[in-house]
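This is what each chain is made of:
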Amino acid sequence: MDAQSQWTGLDAGRLERIADHLERNYIGPQKIAGCQVQVARHGHIAYQKSFGSMDLERNKAMRDDAIFRIYSMTKPITSVALMMLYERGYFQLNDPVSRFVPSWRNHRVWISGEGDDMQTEAPNRPVTFRDVLTHTGGFTYGGGLPGVGLQHPVDKIYRALKVRSVGGADSMHEFMDKLGQVPLLYQPGTRWMYSLSTDICGALVEIISGKPFAQFLQEEIFEPLGMVDTAFQVAPDKVDRFCANYRRGPDKKLKLIDDPADSDFTREPGFKSGGGGLTGTIADYGRFVDMLRRGGELEGHRILGPRTLEMMHMNHLPGGADLTQLAIGAFSETSNEGVGFGLGFASTMGQVETGSLGVGDYYWGGAASTIFWVDPKEDLTLVFMTQLMPSGTFNFRGQLKSLIYSAIVD
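This write-up is about the structure you can find in this document.

Parameters and conventions
Residues numbered from 1 in each chain as written. Predicted model: local features only at pLDDT ≥ 70, side-chain atom pairs only at ≥ 80, totals over all residues. Heavy atoms only, no water. Helix = DSSP H or I, 4+ residues; strand = E, 2+ residues; numbered from the N terminus. Buried < 20%, exposed > 50% of the residue type's maximum accessible area, 1.4 Å probe, protein only. Areas by Shrake-Rupley, 256 points an atom, 1.4 Å probe, with all protein chains shown as cover. Lys, Arg positive; Asp, Glu negative; His and termini not counted. Charge placed at Lys NZ, Arg CZ, Asp CG, Glu CD. 1 Å grid on protein atoms, 1.4 Å probe; cavity = no way out; pocket = protein on both sides within 12 Å on 5 of 7 lines; lining within 4 Å. Points joined across faces, edges and corners; volume = space filled by probe spheres on them. Nonpolar A, V, L, I, M, F, W, Y, C, P; charged D, E, K, R; others polar. Axes fitted to C-alpha atoms, helices over the stretch in contact; angles between N-to-C directions. Parallel < 35°, antiparallel > 145°, perpendicular 65-115°, else oblique. Left-handed = near helix turned anticlockwise from the far one by under 90°. Contact = heavy atoms within 4.5 Å. Phe/Tyr/Trp six-rings, centres within 6.5 Å; stacked < 30°, edge-to-face > 60°. Lys NZ or Arg CZ within 6 Å of the ring centre and 35° of its normal. Pairing = 2+ DSSP bridges. Expected span 1.5 Å × (residues − 1).

Section: the overall build of the protein
Now for step 1: When its secondary structure is counted, the protein shows 14 helices and 17 strands.
Now for step 2: With the principal axes as the frame, the protein shows a C-alpha extent of 65 × 45 × 40 Å.
Now for step 3: Within the protein, the fraction of its 410 residues that count as buried is 57%.
Now for step 4: Only carbon and sulfur atoms are counted for the fraction: they give 48% of the accessible area of the protein, which is about 16,400 Å².
Now for step 5: Across the protein, the mean location of the 41 positive side-chain charges is 2 Å away from that of the 48 negative side-chain charges.

The structure is reproduced here in structure tokens:
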């Protein structure tokens, strides 16, 4: 056993199967342009490699310091930020959000119909902080998810009010007030639907703290953790490190959908999306997940208390249900079988139901097929970066779990 294996309890030879798997199945046949993998256990990096290309059009090999659109992997960072304010006594989980957003006192819940014939009713209780952290508040993505059209009458109201419209620059208060006018899709706390909830959490960070959301993240999370390349905008001097983003066309070939040279991510966004707006490197996100693994602290900088973090990755779905029982809609960055949801993270409740190794890990992914997980039982973390839209095209999480957990030898 080599020294690295002694530190990590992971067989280095078996971990090399990751390279064979990715090269043979994805890089070689160009199902993805390139990717990066970081596996760490007991605080030591056991495996970290870059594969393929970061920009096919410019024939640029994947750089170790490449910058990726992390999209919904922004969500756990935003949830941590809001829970930092929970720890400072600003709110309790069951408090109504309307304490800070008075316009939410007028919420209604959709029953049937659309337009002038729409029927609504009063909510049984107000939307709470727990609801927006767990996607159980009755909000939707306004029809904006991949492969989902504006089919529901409630989604049409999102569009009419231009809630989070492309190129929009609503203030956080304006965004929240618009949502106060949209009927909830279901009674708060009764179902689960992937939604704008984490954008709401980002707005609440700004409203409660009194600091611009981006400034709060920079001062309270990124600087303490040494996340030097994570931001809502790729700076001009870093654009050469920014990956191209792709989608597979009808012919199964990669199609460029966002050129790094003129990407919207190279310009400061008007609205800082807590649900999907950040870019960053595998090194930066590795530091964030190591903080999670260590119970909220990294290198002397405490972000959260360990008991708060433990509560965050418990299953908060009503009655201890999994997503198969409560989820509405077919798209999110997780499967539903055997999966619970906490305060910003999905969690594996059962190996048999999920059909994958490991139980008790918590995780999330991004729309461009990025993923991470933290496994407290095995003291293990994984960060995987690529740029292929939409997520779910390939089951990278399940495949990597098989490869990594079969390498555990202690």
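That shown, we press on.
Re empty space enclosed by the protein
A water-sized probe, rolled over the atoms, reveals where empty space remains.
Now for step 1: Enumeration according to the criterion identifies 1 cavity of 30 Å³ or more in this entry.
Now for step 2: Within this model, the largest cavity holds a volume of roughly 50 Å³.
Now for step 3: Looking at the largest cavity, the residues that line it are Ala 33, Gly 34, Ser 53, Met 54, Met 62, Phe 68, Cys 243, Ala 244, Tyr 246, Thr 386 and Gln 387.
Now for step 4: Among the residues forming the lining of the largest cavity, the class breakdown is 7 nonpolar, 4 polar and no charged.

What to know about the layout of surface pockets
Now for step 1: The computed volume of the second largest pocket comes to approximately 520 Å³.
Now for step 2: Taken together, 26 residues make up the lining of the second largest pocket; nearest its centre are Glu 333, Thr 334, Ser 335, Asn 395 and Arg 397.
Now for step 3: Of all the elements in the fold, those that place two or more residues in the lining of the second largest pocket are β14 (362–365) and α14 (396–405).
Now for step 4: Looking at which element gives the most residues to the lining of the second largest pocket, the answer is α14, with 5 residues.
Now for step 5: Looking at the lining of the second largest pocket residue by residue, the classes come out as 7 nonpolar, 16 polar and 3 charged.

Re the packing of helix α7 (residues 172–179) against helix α8 (residues 197–209)
Now for step 1: Remark: α7 packs on α8, axes separated minimally by 9 Å, with the N-to-C direction vectors making an angle of 130°. Overall, the two elements α7 and α8 adopt an arrangement that is oblique. Along this stretch, α7 crosses α8, giving a crossing that reads as left-handed. Taken together, the residues of α8 that come into contact with α7 (itself represented by Met 172, His 173, Phe 175, Met 176 and Leu 179) are Asp 199, Ile 200, Gly 202, Ala 203, Leu 204, Glu 206 and Ile 207.

Some details on the packing of aromatic side chains
Now for step 1: Counted according to the given criterion, the structure contains 21 aromatic pairs.
Now for step 2: Here Phe 91 and Phe 129 contribute two aromatic rings whose centre-to-centre distance is 4.0 Å and whose plane-to-plane angle is 10°, an arrangement assigned as stacked. Pair noted here: Phe 91 is in the loop between α4 (74–87) and β5 (109–112) and Phe 129 is in helix α5 (residues 129–134), with a separation of 38 residues, a long-range link. Phe 129 matches Phe 91 in its accessibility class, with the two residues each being buried.
Now for step 3: Site record: aromatic cluster; members linked through ring pairs are Tyr 141, Trp 192, Tyr 194, Phe 341 and Trp 364.
Now for step 4: Sitting over the ring of Tyr 26, Lys 31 keeps its end group 6.0 Å from the ring centre.
Now for step 5: In this structure, Arg 397 packs its charged tip against the face of Tyr 363, placed 3.4 Å from the ring centre.

Some details on the sheet that holds strand β3 (residues 60–61)
Now for step 1: Spatially, the 8 strands line up as an open sheet ordered β3-β2-β1-β16-β15-β14-β13-β12, and their pairing is antiparallel. Bordering the open sheet on either side are β3 and β12 (339–341), each of which pairs with just one other strand.
Now for step 2: Relative to strand β16 (residues 380–386), strand β15 (residues 371–375) runs antiparallel, the two being bridged by 5 bridges. Bridging from a neighbouring strand, Phe 372 pairs with Val 383 of β16.
Now for step 3: Along the sheet, helix α10 (residues 282–293) contacts β1 (34–41), β2 (44–55), β14, β15 and β16; its crossing angle with β16, the most-contacted strand, is approximately 155°.

Digging into the sheet that holds strand β8 (residues 254–258)
Now for step 1: In space, the 3 strands of this open sheet follow the order β8-β7-β17, with mixed pairing throughout. Strands with a single pairing partner mark the edges of an open sheet, and in this sheet they are β8 and β17 (388–389).
Now for step 2: Relative to β17, strand β7 (residues 245–248) runs parallel, the two being bridged by 2 bridges. Across the sheet, residue Tyr 246 finds its bridge partner in β17, namely Leu 388.

Some remarks on the environment of Phe 372
Now for step 1: If you trace the backbone, Phe 372 turns up in strand β15.
Now for step 2: Sequence spacing of Phe 372 and Arg 99 is 273 residues, and the spatial spacing of their C-alpha atoms is 34 Å.

What about α8?
Now for step 1: If you check α8, its first and last C-alpha atoms are 18 Å apart, about what 13 residues at 1.5 Å a residue would give, namely 18 Å.
Now for step 2: Counting buried positions along α8 gives 11 out of 13 residues, so the element sits mostly inside the fold.
Now for step 3: Among all positions in α8, only Ser 197, Thr 198, Asp 199, Ile 200, Cys 201, Gly 202, Ala 203, Leu 204, Val 205, Ile 207 and Ile 208 are buried.
Now for step 4: Contacts from the buried residues of α8 go to α4, α5, α7 and α9 (213–225).
Now for step 5: Positive backbone phi, approximately 80°, marks Gly 210, located one or two places after α8.

A look at the packing of helix α3 (residues 17–27) against α14
Now for step 1: The interhelical angle for the contact between α3 and α14, taken along N-to-C directions, is 145°, at an axis separation of 9 Å. Viewed along their axes, α3 and α14 form a crossing whose handedness is right-handed. Facing Arg 17, Ile 18, His 21 and Tyr 26 of α3, the residues of α14 in contact are Phe 396, Gln 399, Leu 400, Leu 403 and Ile 404.
Now for step 2: In terms of residue class, the contact of α3 with α14 is made up of 6 nonpolar, 2 polar and 1 charged.

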